[in-house]
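As a plain string of letters, each chain reads:
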Amino acid sequence: MSTPPATCDIAIVGGGMVGASLAAMLASANPQWKITLLEAHPLPEASGAKGYQPSFDARASALAYGSTTLLDDLGLWSHLVQHATPITRVHISDRGHLGGSQVDAAEQGLPALGYVVENAWLGQVLMAHLQAQPQVDMRAPVAVRALTPRRGGYRLQLESREGDESLDCQLAIVVDGADSPLRAALGIEADVRDYAQTAMIANIGLSRPHGGIAYERFTPEGPLALLPLGDSPSGRRAALVWTQPGRCVDALLAESEADCLSRLQNAFGWRLGRFEKLGERHAYPLHLVQAREQVRSHLVIAGNAAHLLHPVAGQGFNLALRDCACLTEVLCEGVRAGEPLGQLRRLQDYTRRQAQDQALTTAFSDQLVRLFSTESLPHAALRHLGLLGLDWVPVAHRSFAARAMGRGGRRSRWHSPSEQGVRQ
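Everything quoted here is computed from the prediction, not taken from an experiment.

*Asks:* So what exactly am I meant to see when it comes to the overall build of the chain here?
*Replies:* Within the chain one finds 11 helices and 20 strands. Taking all 424 residues of the chain together, the buried fraction comes to 54%. Within the chain, contacts between residues at least 6 apart in sequence are counted, and of these 74% link residues at least 24 apart. With the model as given, the accessible surface of the chain reaches about 18300 Å², and the carbon-plus-sulfur share is 51%.

*Asks:* What is the right way to read the pattern of salt bridges from this model?
*Replies:* Where charged atoms from two side chains of opposite charge come close, those side chains can pair. This model, assessed by the stated rule, comprises 19 salt bridges. As a salt-bridge pair, Arg-145 and Glu-159 come within 3.1 Å of each other at their nearest N and O atoms. With a gap of 14 residues between them, Arg-145 in strand S9 (residues 142-150) and Glu-159 in strand S10 (residues 153-160) connect regions that are remote in the sequence. Here Glu-189 makes a salt bridge to Arg-292, at a shortest N to O gap of 2.7 Å. Of the two residues, Glu-189 is situated in the loop between helix H5 (181-185) and strand S12 (190-206) and Arg-292 in the loop between strand S17 (282-291) and strand S18 (295-296); the sequence distance between them amounts to 103 residues. Judged by its relative accessible area of 48%, Glu-189 falls in the partly exposed class. Take Arg-292: its relative accessible area is 53%, and that puts it in the exposed class. Members of the salt-bridge network, linked through shared partners, are Glu-329, Glu-333, Glu-339, Arg-345, Arg-346, Asp-349, Arg-352 and Arg-353.

*Asks:* Explain the sheet that holds strand S4 (residues 84-87) to me, please; I cannot follow it from the model alone.
*Replies:* Paired through backbone hydrogen bonds, the strands of a sheet run either parallel or antiparallel to each other. Across the sheet, 3 strands lie side by side as S3-S7-S4; this open sheet has antiparallel pairing. Whereas interior strands pair on both sides, the edge strands pair on one side only; in this sheet they are strand S3 (60-64) and S4. Direction aside, neighbouring strands of the sheet carry axes that sit 25 degrees apart on average. With 4 bridges joining them, S4 and strand S7 (residues 114-118) adopt antiparallel strand pairing. What sits directly across from Ala-84, in S7, is Val-117.

*Asks:* What is the right way to read the nonpolar core from this model?
*Replies:* Nonpolar side chains in soluble globular proteins tend to end up buried together. Judged by nonpolar contacts, the single largest core of 52 residues is most densely connected at Ile-10, Ile-12, Leu-26, Trp-33, Leu-80, Ile-173 and Val-300. The leading source of residues in this core is helix H8 (residues 316-336), at 11 residues. Residues in contact with Leu-80, not counting those within four places in the same chain, are Leu-71, Val-117, Trp-121, Leu-122 and Val-125. Residues Leu-38, Leu-182, Leu-299 and Ala-305 belong to the second largest nonpolar core, which totals 22 residues.

*Asks:* It is not clear to me how helix H2 (residues 65-73) should be interpreted in this structure. Could you clarify?
*Replies:* Every α-helical turn comprises 3.6 residues, leaving residues that sit three or four positions apart pointing alike. Looking at H2, one finds that the buried residues are Gly-66, Ser-67, Thr-68, Leu-70 and Leu-71. Two residues or fewer past H2, Gly-75 is found with a positive phi of approximately 80 degrees.

*Asks:* Would you mind showing me how to read unusual backbone geometry here?
*Replies:* Of all residues except glycine, most have a negative phi; of all peptide bonds, most are trans. Cis geometry is adopted by the peptide bond preceding Pro-141, which originates at Ala-140 and carries an omega value of -5 degrees. As for its position among the elements, Pro-141 is in the loop between strand S8 (136-139) and S9. Residue Ala-196 is not a glycine yet carries a positive backbone phi of 55 degrees. Structurally, Ala-196 is set in strand S12. In this structure, His-298 takes a positive phi of about 65 degrees despite not being glycine.

Conventions and cut-offs
- Residues numbered from 1 in each chain as written.
- Predicted model: local features only at pLDDT ≥ 70, side-chain atom pairs only at ≥ 80, totals over all residues.
- Heavy atoms only, no water.
- Helix = DSSP H or I, 4+ residues; strand = E, 2+ residues; numbered from the N terminus.
- Buried < 20%, exposed > 50% of the residue type's maximum accessible area, 1.4 Å probe, protein only.
- Contact = heavy atoms within 4.5 Å.
- Areas by Shrake-Rupley, 256 points an atom, 1.4 Å probe, with all protein chains shown as cover.
- Salt bridge = Lys/Arg side-chain N within 4 Å of Asp/Glu carboxyl O.
- Pairing = 2+ DSSP bridges.
- Axes fitted to C-alpha atoms, helices over the stretch in contact; angles between N-to-C directions.
- Core = buried A, V, L, I, M, F, W, Y, C linked by side-chain atoms within 4.5 Å.

In structure tokens, the structure reads:
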């Protein structure tokens, strides 16, 4: 006799930063939901503040100010901020042209425009939080081999060290990355724009403190970003995202540390003094990926599986967090209306609410890339005037600042004390 399938209310396929954040929001919004989080790779170890172990080679993410408010709603920000670097100013420049533009936190009436957090620390805090939620079952490593629609939900075919099994859920949320095999298996196509660029990611050591300033510099080869690292503005580390034509990156990865730093210094300049150390280098081909469907009955495609953006403006994870908040809000509304989880009409409401935020954020990132990755004379003149306009035209400056800080979209009211304990 075959073993009957296990059951849960919501199955999240993908336990990375987006999947874990979504699980945390859902668990907080409705403690009655039984949530299963499935991840193909071993999950990071959970630890408290004492478990923080900074690494020169650790990858980092820029959290927009709007994202920190979402994490604060979850009760996580007080832990994360202990080892987060505040961005007090963003400096935008175009190599070969004088001046540039700046967005200053003080001018926006904020303590910081955003924060830089090492991914390992973010993962540790999220795991510690989820392990304290009794209604969240985290399983890893486990592979989801198939996702099949059934009456009132989906059936997942799982493969783990313990063997094969099935899991039935009312709502399946696929967050398994830009190359999502489940999205493809479900027949959901994605539009892909190849930027013909590759991002080299590394951390660098500085001869002078970064002062909490993030730099976005546009060069003929592609955008170059430096994000401040360390627990204070006196830190002397920065996270580098350096985009290059795909054919050029192999040379950057292969050349000596001294030669690579010299090339970087020439591209960026001396605002941060001398670049003194280069951490481990990684390369990632860059594409814009947009799923043609984000919802079906009892199914949601989210995170990079729904939309992968160029890292030029650091908007991908921040947009995904806003998506998660909106989705949680919509699902709670369905519960209060007495609806079963996964009703198509309710999920379509989620896509309608997030449509403008997704479209504007995607266009913001995409247009920056295309405008600042060409040396044609009309485009070069246009982008230079655009940088000047950020300072000269208050409306343009405010619009750029709002989008950069993750405050351009609607604020989802996904959680409040009065909403706890709702039950379908």
